[in-house]
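Architecture at a glance
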Amino acid sequence: MENARILVAGDSSLLIEFKQEINPEINRKIAALVQLIREQHIEGIVDMIPTYCSLLINYDPRVILYDALAERLKGLLKIEVAAGSDRKKIYEIPVCYGGAYGPDLSVIAEHAGLSEEEVIRIHSSQDYLIYMLGFLPGFTYLGGLDERIHTPRLKNPRVRIEAGSVGIGGSQTGIYPMDSPGGWNLMGMTPVKTYDPNREVPILVEAGDYIRFVPIDEAEYKRILELVEQNAYQVTVREEEA
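In every chain, residue numbers begin from 1 and rise along the written sequence. In keeping with the predicted nature of the model, local features appear solely for residues at pLDDT of at least 70, side-chain atom pairs appear and are counted solely at 80 or more, and the whole-chain, interface and lining totals rest on all residues. Hydrogens and water molecules were not included; the side-chain quantities draw on all heavy atoms of the structure.

**Some remarks on the side chain of Glu17**
The topology assignment puts Glu17 in strand E2 (residues 13–17). Only protein chains enter the calculation, and the probe is 1.4 Å; a residue is then buried if its accessible area is under 20% of its type maximum, exposed if over 50%, and partly exposed in between. The class of Glu17 is buried, set by a relative accessible area of 16%. As used in this structure description, the phrase polar contact means that two N or O atoms lie within 3.5 Å; if the pair is within protein, one of them must be able to donate a hydrogen and the other to accept it, and residues adjacent in sequence are counted only when both atoms belong to side chains. One polar contact links Glu17 to Arg5, side chain to side chain, over a distance of 2.3 Å. Excluding its chain neighbours within four sequence positions, the residues that come into contact with Glu17 are Asn3, Ala4, Arg5, Leu7, Cys53 and Ser54. Only DSSP runs of H or I with at least four residues qualify as helices, and only runs of E with at least two residues qualify as strands; both kinds are numbered from the N terminus onward. A contact between two residues is defined here by any heavy atoms of the two lying within 4.5 Å.

Following this line, the structure appears as structure tokens:
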């Protein structure tokens, strides 16, 4: 893996940095590297956090020292691994757009010079690559938002945005996994919990997966929400050729 650098990132972390650009190919290389490192079972690695174009590795210096870990990783970086799987996992996330569920849908439509129906169609016609998770547990940084519906963030952020809200902020779209402040334009809401601390695996998706937003009406939203509250709802996940 050419053009990768290993940098110190603290007394128990290091950073593997690739070309500094947001690019699906670079992100797939990072995902492939994560898988390769996992297969080595290197003692002392505590956690790996992929980002748009780098990989942060947290390690226990009582088990492995920086120099030893860096040498192991340099060897792995010389291996030309495939840039991710030849298949992609797509999570279908139901969204009720507009109205009380998406109070800023009209703002997005007006900014784009489109109807609300056109905005919904554009937003729900794309498989969005999850480049990384961060900001909040389970908050997805998605790539691939159509330029036609890029919308500036709110000048005055909201103090509280409800968990499940789907919004657009600049060139990005995503789901708020928990109640939090935020400045994105809210276009809809999903009844699905993308983060649930009571689940065995709290975060629903992983970096490298994809999300497809599926429009639903209010009745279907309420039906799914009831199933979610009963722990009886299963998100549709499909696999396709990458």
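**What to know about the domain arrangement of the chain**
Here the chain is described as being made up of domain 1 (5–81) and domain 2 (88–241). Residue ranges labeled as domains rest on an automatic or database domain assignment. One C-alpha centre belongs to domain 1, the other to domain 2; they are set 30 Å apart. Counting residues at the interface gives eight residues for domain 1 and eight residues for domain 2. In short, buried area is how much 1.4 Å probe accessible area vanishes from two parts on joining, totalled over both. Here domain 1 meets domain 2 over a buried area of about 710 Å², counting both sides, of which 59% is carbon and sulfur. A pair is scored as a salt bridge if a Lys or Arg side-chain nitrogen falls within 4 Å of a carboxyl oxygen belonging to Asp or Glu. Taken together, domain 1 and domain 2 are joined by zero salt bridges. Between the two partners, domain 1 and domain 2, sit one residue pair in polar contact (both at pLDDT 80 or more). The element that contributes the greatest number of residues to the side of domain 1 that touches domain 2 is helix H1 (residues 24–40), accounting for three residues.

**Remarks on the sheet that holds strand E1 (residues 5–8)**
Across the sheet, four strands lie side by side as E1-E2-E4-E3; this open sheet has antiparallel pairing. The open sheet has two edge strands, E1 and strand E3 (45–50), and neither has a second partner. On average, each strand axis in the sheet is inclined to that of its neighbour by 20°, with strand direction left out of account. In this sheet, E2 lies alongside E1 in antiparallel orientation, the contact comprising four bridges. From the neighbouring strand, Leu7 faces E2, where its bridge partner is Leu15. Here an axis means a line fitted to C-alpha atoms, over the contact stretch when the element is a helix, while the angle between two N-to-C directions is reported on a 0 to 180 degree scale. Relative to the sheet, H1 contacts E2, E3 and strand E4 (54–59), its axis offset from that of E4 by approximately 25°. Set on the sheet, helix H2 (residues 66–77) makes contact with E1, E2, E3 and E4; between it and E1 the angle comes to about 165°. Whether two strands pair depends on DSSP finding at least two bridges between them.

**Some words on H1**
Helix span, expected: 1.5 Å multiplied by one less than the number of residues in the helix. Taking 1.5 Å per residue, 17 residues should reach 24 Å; H1 reaches 25 Å between its end C-alpha atoms and fits that length. Residues of H1 that are buried include every one of Ile26, Asn27, Ile30, Ala32, Leu33, Val34, Leu36 and Ile37, and no others. Next to the buried residues of H1 lie E2, E3, E4, H2 and strand E6 (128–133). Positive phi appears at His41, one or two residues downstream of H1, with a value of about 50°.

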